Amino acid sequence: MAPASMPPTTEAREVFRSLGYTISGGETTFVAERKWRRVHVVPLDADDAKEPEHVLTDGGEDGARLRCYVTWKRAAPDLREFLLGLKPPYDWAVIGVDREGDFEVMQGAPNSP
């Protein structure tokens, strides 16, 4: 089991590569592109997923209107609930991952109730 204090950056990159996305950008956050989609990807450790206020962005400067927050599976439901309450002004999803390469996508929408 991966330490909860480490963001699943490698796992996040593998998920998007397996889905056919091209990866570019920094060592922690990155941009994944495929066809018309440009997604700003933010891996979060379990602690940041429970209290993410300081790591969430408002749309960023990279031109990506889609956001995907990737965290460990056990922390993903809490992050999704937080985002549903926050109602960020962009399309978003949460992906919960594990070390074995399994992942679960939890979608959200802008201004979700």
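Reading the values: rules and limits
- Residues numbered from 1 in each chain as written.
- Predicted model: local features only at pLDDT ≥ 70, side-chain atom pairs only at ≥ 80, totals over all residues.
- Heavy atoms only, no water.
- Helix = DSSP H or I, 4+ residues; strand = E, 2+ residues; numbered from the N terminus.
- Buried < 20%, exposed > 50% of the residue type's maximum accessible area, 1.4 Å probe, protein only.
- Contact = heavy atoms within 4.5 Å.
- Areas by Shrake-Rupley, 256 points an atom, 1.4 Å probe, with all protein chains shown as cover.
- Phe/Tyr/Trp six-rings, centres within 6.5 Å; stacked < 30°, edge-to-face > 60°.
- Lys NZ or Arg CZ within 6 Å of the ring centre and 35° of its normal.
- Pairing = 2+ DSSP bridges.
- Axes fitted to C-alpha atoms, helices over the stretch in contact; angles between N-to-C directions.

Asker: Give me the lowdown on the overall build of the protein, citing residues and values where you can.
Answerer: The helix and strand tally for the protein stands at three helices and six strands. Within the protein, buried positions represent 43% of all 113 residues. Long-range pairs, those at least 24 residues apart, make up 56% of the contacts in the protein between residues at least 6 apart in sequence. Working note: accessible area of the protein is about 6,300 Å², and carbon and sulfur atoms make up 49% of it.

Asker: Help me get a handle on the packing of aromatic side chains, residues and values and all.
Answerer: Enumeration according to the criterion identifies two aromatic pairs in this entry. Between Phe16 and Tyr21, the aromatic rings sit 5.2 Å apart at their centres with planes inclined by 80°, giving edge-to-face as the arrangement. Like Tyr21, Phe16 is buried. Each ring, one from Phe16 and one from Phe30, has its centre 6.3 Å from the other, and the planes form 85°; the classification is edge-to-face. Within this pair, whereas Phe16 is found in helix α1 (residues 9–18), its partner Phe30 is found in strand β2 (residues 30–34), the two being separated by 14 residues in sequence. The class of Phe16 is buried, set by a relative accessible area of 5%. What makes Phe30 buried here is its relative accessible area of 1%. Aromatic rings pair up to connect Phe16, Tyr21 and Phe30 into one cluster. One residue, Arg67, lies across the ring of Tyr90, its end atom 5.6 Å from the ring centre.

Asker: A description of the pairing of strand β3 (residues 37–43) should follow, citing residues and the corresponding values.
Answerer: Among the seven residues of β3, five are classified as buried, and the element is accordingly described as predominantly covered. Sheet topology places β2 next to β3; five bridges connect them, and they run antiparallel. The partner of Ala32 across the bridge, within β3, is Val39. Between β2 and β3, which pair antiparallel in sequence order, lie two residues; one of them, Lys35, sits at a positive phi of approximately 50°.

Asker: With reference to specific residues and values, describe the pairing of strand β6 (residues 103–107).
Answerer: Sheet analysis places strand β5 (residues 91–97) next to β6, joined by five bridges and oriented antiparallel. Bridging across to β6, Val97 finds its partner in Phe103. Adjacent in sequence and paired antiparallel, β5 and β6 are bridged by five residues, among which Gly101 carries a positive phi angle near 95°.

Asker: Any details on the sheet that holds β3? Residues and values, ideally.
Answerer: Pairing between the strands of a sheet comes from backbone hydrogen bonds, and it takes one of two forms, parallel or antiparallel. Here six strands make up an open sheet; going across it, the order is β1-β2-β3-β4-β5-β6 and the pairing mixed. Each end of this open sheet is capped by a strand with a single partner; those strands are β1 (22–24) and β6. Pairs of neighbouring strands in the sheet enclose a mean axial angle of 25°, with direction left out of account. Two elements, strand β4 (residues 66–72) and β5, share seven bridges in a ladder whose sense is parallel. Across the sheet, Leu66 pairs through a bridge with Asp91, a residue of β5.

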